[in-house]
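# Inside the fold
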Amino acid sequence: LTFSEAAGIDAVSARVKAALSSRHDDTEDFTITTQAAMLDVFGKVMGAVTFAVGAIAGISLFVGAIGILTILWIAVNERTGEIGLLRALGADARRIQQLFLLEAVALSLTGGAVGLVAGLGVARIGHAFVPAMPLETPPEFIVAALVVSTVVGLISGVAPARRAARLDPIEALRAE
């Protein structure tokens, strides 16, 4: 049997099924799967894998955000005297807030960079074991990962930074 675009996949499948059935004494002890059906199943599997990886990434971002929030909250508590001294020396609330937001960005970028290095390392190891498998990370994905980690850091740092900026300089110095 030959395939032509005019015949169509379903028609060719039916003819192949009929030919095989006649050769197998009209017993259907075989399965015919078209390339389109296999690609459909592959697409569904890849969709499930993509969803799972996305869910894991989302959970990781949430855990990272909570970690940054906690670290900065503790930093504000431990550096209350330093904040009071900076305020007494003339730093305004906006500058204090910027200081803590910068710290949040530094933490998140460090975490993002470590995650990228680990991910790229795993991809290299995977490629070493299975050279035929394409495991490349496009540069725009790397940039997107760093941007997302920065945004997560900024969002996580807002509440502690505001708290630090609102500290009364006199009360903060007294806490020391």
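In case you missed it, the structure is sitting above this.
The notes below deal with the structure included here.

### Considering helix α5 (residues 139-165)
With 27 residues, α5 ought to run about 39 Å at 1.5 Å a step, and its terminal C-alpha atoms sit 37 Å apart, in line with that. In the structure, α5 departs most strongly from a straight axis at Val-158, where the bend amounts to approximately 40° and where the proline Pro-160 lies between one and four residues downstream. Those residues of α5 not exposed but buried are Ser-149, Val-152, Gly-153, Ser-156, Gly-157, Pro-160, Ala-161, Ala-164 and Ala-165. If you follow the buried residues of α5, they end up packed against α2 (35-78), α3 (80-88) and α4 (93-129).

### Examining the pattern of salt bridges
Considering all chains together, one arrives at four salt bridges under this definition. The salt bridge partner of Lys-44 is Asp-40, with a shortest N-O separation of 3.6 Å. Here the residue Lys-44 and the residue Asp-40 both occupy positions in helix α2, the gap between them amounting to four residues, near one helical turn. Relative accessible area serves as the criterion here: at 57%, Lys-44 is assigned to the exposed category. Salt-bridge contacts for Arg-79 lead to Glu-103; the nearest nitrogen and oxygen are separated by 2.9 Å. Pair noted here: Arg-79 is in the loop between α2 and α3 and Glu-103 is in helix α4, with a separation of 24 residues, a long-range link. Each of Arg-79, Glu-82 and Glu-103 takes part in salt bridges that share partners, so that together they form one network.

### Observations concerning the nonpolar core
Leu-72, Val-76, Ile-83, Ile-96, Phe-100 and Ala-164 are the most contacted members of the largest nonpolar core, which totals 13 residues. Of all elements in the fold, only α2, α4 and α5 reach the threshold of two or more residues within this core. Setting aside residues up to four positions removed in sequence, Ala-164 forms contacts with Val-76, Ile-83, Ile-96 and Phe-100.

So, how was this worked out
- Residues numbered from 1 in each chain as written.
- Predicted model: local features only at pLDDT ≥ 70, side-chain atom pairs only at ≥ 80, totals over all residues.
- Heavy atoms only, no water.
- Helix = DSSP H or I, 4+ residues; strand = E, 2+ residues; numbered from the N terminus.
- Expected span 1.5 Å × (residues − 1).
- Bend = angle between axes of the 7 residues up to and from the residue.
- Buried < 20%, exposed > 50% of the residue type's maximum accessible area, 1.4 Å probe, protein only.
- Contact = heavy atoms within 4.5 Å.
- Salt bridge = Lys/Arg side-chain N within 4 Å of Asp/Glu carboxyl O.
- Core = buried A, V, L, I, M, F, W, Y, C linked by side-chain atoms within 4.5 Å.

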